[in-house]
Amino acid sequence: MTSAHLLPAAAHRRVELRRMRWWDIPGVILLEHAAFPEDAWSVGMFWSELAEAATRYYLVAEQYEPGNEGESRLIGYAGLLAGIGEAEVLTIAVDPRQERRGLGAILLTELMREAARRDCDDVVLEVRVDNDRAQRLYRRFGFEEVGFRKGYYQPMNIDALVMRSSGVIERFGSKGAAGERIEVDSVKSVDWVKE
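Below, the structure is looked at part by part. (Residues numbered from 1 in each chain as written. Predicted model: local features only at pLDDT ≥ 70, side-chain atom pairs only at ≥ 80, totals over all residues. Heavy atoms only, no water.)

### Here's the deal with the pairing of strand β6 (residues 122-128)
As a general feature of sheets, a regular strand has side chains that alternate between the two faces.
Now for step 1: Buried residues dominate β6, accounting for six of its seven residues.
Now for step 2: Two strands pair when backbone bridges link them, and strand β5 (residues 86-94) and β6 are joined in this way by three bridges, in the parallel orientation. Residue pairing in the sheet places A87 in a bridge with V123 of β6.
Now for step 3: Traced from β5 through helix α3 (residues 103-117) to β6, the parallel crossover comes out right-handed. (Buried < 20%, exposed > 50% of the residue type's maximum accessible area, 1.4 Å probe, protein only. Helix = DSSP H or I, 4+ residues; strand = E, 2+ residues; numbered from the N terminus. Pairing = 2+ DSSP bridges. Right-handed = clockwise from strand over helix to strand, strands pointing away.)

Below, the structure written as structure tokens:
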């Protein structure tokens, strides 16, 4: 494995981002059900997403505890679909025990950088109308409400806001700002924003 960026770890915990692989699916499914108990994706959906490697970009975040560097715990993941000129954030999930510490912002930053690397100047997403915290995060990244999907989240029949962020290449794609891409066999160490 090649190390991409090394930052000091807060409270001696190391968090690494790397590309999602098929062997991550069991842990991802556990986290998916913890984060989205009512409308979790299936194992088959994740397999299908990973099979579309040309247009998809999925990351996992693993935490290593002090004194137990050989063992990691999956604490987050995120996925992006990149098309011609436009990308879509498909999913972002953070272990509920790790929320409000900045990991969602770190994952979203990596997705936005990847969209810029793929020449996607616009990024869209859907978010539950009742998920205020996620909406605040997306607004910090320049997302604005552009539409509404009635009953989008099933089986609860919850509506979705459609949000768009434009000018992604300028904001996330300049040399130096985009950083190194997390390749299939590379790792990026990150620091917690908050403890």
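After presenting the structure, the write-up continues.
### Let's talk about the packing of α3 against helix α4 (residues 132-140)
Now for step 1: In the contact formed by α3 and α4, the axes pass within 11 Å of each other and the chain directions differ by 45 degrees. In terms of their interaxial angle, α3 and α4 are classed as oblique. Every pair of crossing elements has a handedness; the one defined by α3 and α4 is right-handed. Here G104, A105 and L108 of α3 come into contact with α4, specifically with L137, Y138 and R140.
Now for step 2: Broken down by class, the residue content of the contact of α3 with α4 amounts to four nonpolar, one polar and one charged. (Axes fitted to C-alpha atoms, helices over the stretch in contact; angles between N-to-C directions. Parallel < 35°, antiparallel > 145°, perpendicular 65-115°, else oblique. Left-handed = near helix turned anticlockwise from the far one by under 90°. Contact = heavy atoms within 4.5 Å. Nonpolar A, V, L, I, M, F, W, Y, C, P; charged D, E, K, R; others polar.)

### Here we look at the packing of aromatic side chains
Now for step 1: A full pass over the atoms with the stated rule returns seven aromatic pairs.
Now for step 2: Ring geometry for W41 versus F46: centroids 5.1 Å apart, planes at 45 degrees, classification tilted.
Now for step 3: On the accessibility criterion, F46 (0% relative accessible area) is buried.
Now for step 4: Seen from their ring centres, F46 and Y77 are 5.8 Å apart, and the 85 degrees between their planes marks the pair as edge-to-face. Here F46, found in helix α2 (residues 43-51), pairs with Y77, found in strand β4 (residues 68-82); they are 31 residues apart in sequence, far enough to count as distant. The two residues F46 and Y77 agree in class, both being buried.
Now for step 5: Chaining the aromatic ring pairs together yields one cluster made of W22, W23 and W47. (Phe/Tyr/Trp six-rings, centres within 6.5 Å; stacked < 30°, edge-to-face > 60°.)

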